[in-house]
Amino acid sequence: MELSLATRSVSDHVVLEIGGEIDVYTAPRLRERLIEMVNDGAKQVVVDLGRVEFLDSTGLGVLVGAHRRLRASDGSLTLVCPQERLRKVFRITGLDSVFDIHDSVEQATSGGSPQAARAGA
Amino acid sequence: MTASPGPSATVSLTFVPDPAYVRTVRLVAAAAARRAGVSDDLLDEVRLATGEACARAVALHRRLGVDDMIAVAMTGGTRFTICVTDRGPADDAEREPGEDTGDILAQVAAESGRLAMDEEVLSAGVGLALLQGVVSDLAVGASSDGQGTEIRMSWPVQRRPRGPA
């Protein structure tokens, strides 16, 4: 399945809902969209991976890049990843310790997770 | 000029170094693995590892401006083996997989939000970590003709292969 990208606002967060496959072919489109969002002034970005069927290292690299850019502009990147299949990819690469990962958009936008509190300290 | 897939390959294909075809190879790999008798639980790993090996080869060809085809050979048997061969310089093959991975991941963890690392370099390191993480039997070395690097990985076959319909 091709990549689909849709944004919506939830309280003071911008949620980017991704569907399909994030790989070496589609990742550049995701990178462009995330850069666009940051340039448009988005600060608290939630990337919802709930409908993602495949995620490779290129996609992970794009997410780390967005994380970095948002931090540099006093923003934050939070991930929503309810699927164990994808969580495993974060664990194997050690990136689960870099990202603040939640099970649902509600959880991600309500804030106050221990991990988020630590990162902000 | 493409690598010989070997006489016993069940499925072999070559593709131009274009990221658009990596998905196609992933789909073929998962289907061939299933046909060869690899457990359904492992198909995600076959898909992921094949994607990483092909993405790595595509990135290498593009970085070096090499237009040659990338070869993928899949072989059934007591184990299901996938071999991805690029046409990059063979000295690249002398690096064992994961040599840089630890460093890169440590850097990711240490720098977290203030990463100064190039995304491509990061992805390459993460790709190797993924390959090592999902493939217990992984070998990287010079290709048999010495003109590129070969990533060979295999998975156990847990049930009788599906014969022709």
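Residues numbered from 1 in each chain as written. Chains lettered and ligands numbered in written order. Predicted model: local features only at pLDDT ≥ 70, side-chain atom pairs only at ≥ 80, totals over all residues.

Colleague: Tell me about the interface of chain A and chain B, residues and numbers included.
Modeller: Taken together, the contact between chain A and chain B spans 23 residues of the former and 27 residues of the latter. Those elements that provide at least two residues to the side of chain A that touches chain B are α2 (57-72) and α3 (84-93) of chain A. Split by residue class, the side of chain A that touches chain B holds nine nonpolar, eight polar and six charged. (Contact = placed C-beta atoms within 7 Å. Helix = DSSP H or I, 4+ residues; strand = E, 2+ residues; numbered from the N terminus. Nonpolar A, V, L, I, M, F, W, Y, C, P; charged D, E, K, R; others polar.)

Colleague: A description of α2(A) should follow, citing residues and the corresponding values.
Modeller: For an α-helix the count is 3.6 residues per turn, leaving residues at separations of three or four pointing the same way. All names here are of chain A. Along its 16 residues, α2 runs 22 Å from first to last C-alpha, staying within 8% of the 22 Å computed at 1.5 Å per residue. Burial runs high along α2: 13 of the 16 residues are buried. Just past α2, the residue D74 takes up positive phi, approximately 60 degrees. (Expected span 1.5 Å × (residues − 1). Buried ≥ 20, exposed ≤ 12 C-beta atoms within 10 Å, placed from the backbone.)

Colleague: Quick rundown of the pairing of strand β5 (residues 149-156) of chain B? Include the residues and the values.
Modeller: Residues and elements named next belong to chain B. Burial runs high along β5: six of the eight residues are buried. Direction of pairing for strand β4 (residues 137-142) relative to β5: antiparallel, over a ladder of six bridges. The residue of β5 that forms the bridge with A139 is R152. Connecting β4 to the next strand, β5, in antiparallel fashion are six residues, including G146 with a positive phi near 70 degrees. (Pairing = 2+ DSSP bridges.)

Colleague: An account of the environment of V72(B) is needed here, citing residue identities and associated values.
Modeller: Residues and elements named next belong to chain B. Assignment of secondary structure puts V72 in strand β2 (residues 70-75). You can call V72 buried: it has 26 C-beta atoms within 10 Å. Separated by 13 residues in sequence, V72 and T85 place their C-alpha atoms 6.4 Å apart. Each residue touching V72, except ones within four places of it in the same chain, is listed here: S12, L13, V25, C54, I82 and V84.

Colleague: Summarise the sheet that holds strand β4 (residues 76-80) of chain A; cite the residues concerned and give the values.
Modeller: Residue and element names in this part refer to chain A. A sheet is described by the order of its strands in space; here five strands give the open sequence β1-β2-β3-β4-β5, paired in mixed fashion. Edge positions in the sheet fall to β1 (4-10) and β5 (100-102), since each of these pairs with one other strand and no more. With strand direction ignored, the average angle separating the axes of adjacent strands in the sheet is 25 degrees. Pairing of strand β3 (residues 44-55) with β4, which is carried by five bridges, proceeds in the parallel orientation. The residue bridging V45 from the neighbouring strand is L77, located in β4. In the packing of helix α1 (residues 27-39) onto the sheet, the strands contacted are β1, β2 (13-22) and β3, and the crossing angle to β2 comes to about 175 degrees. (Axes fitted to C-alpha atoms, helices over the stretch in contact; angles between N-to-C directions.)

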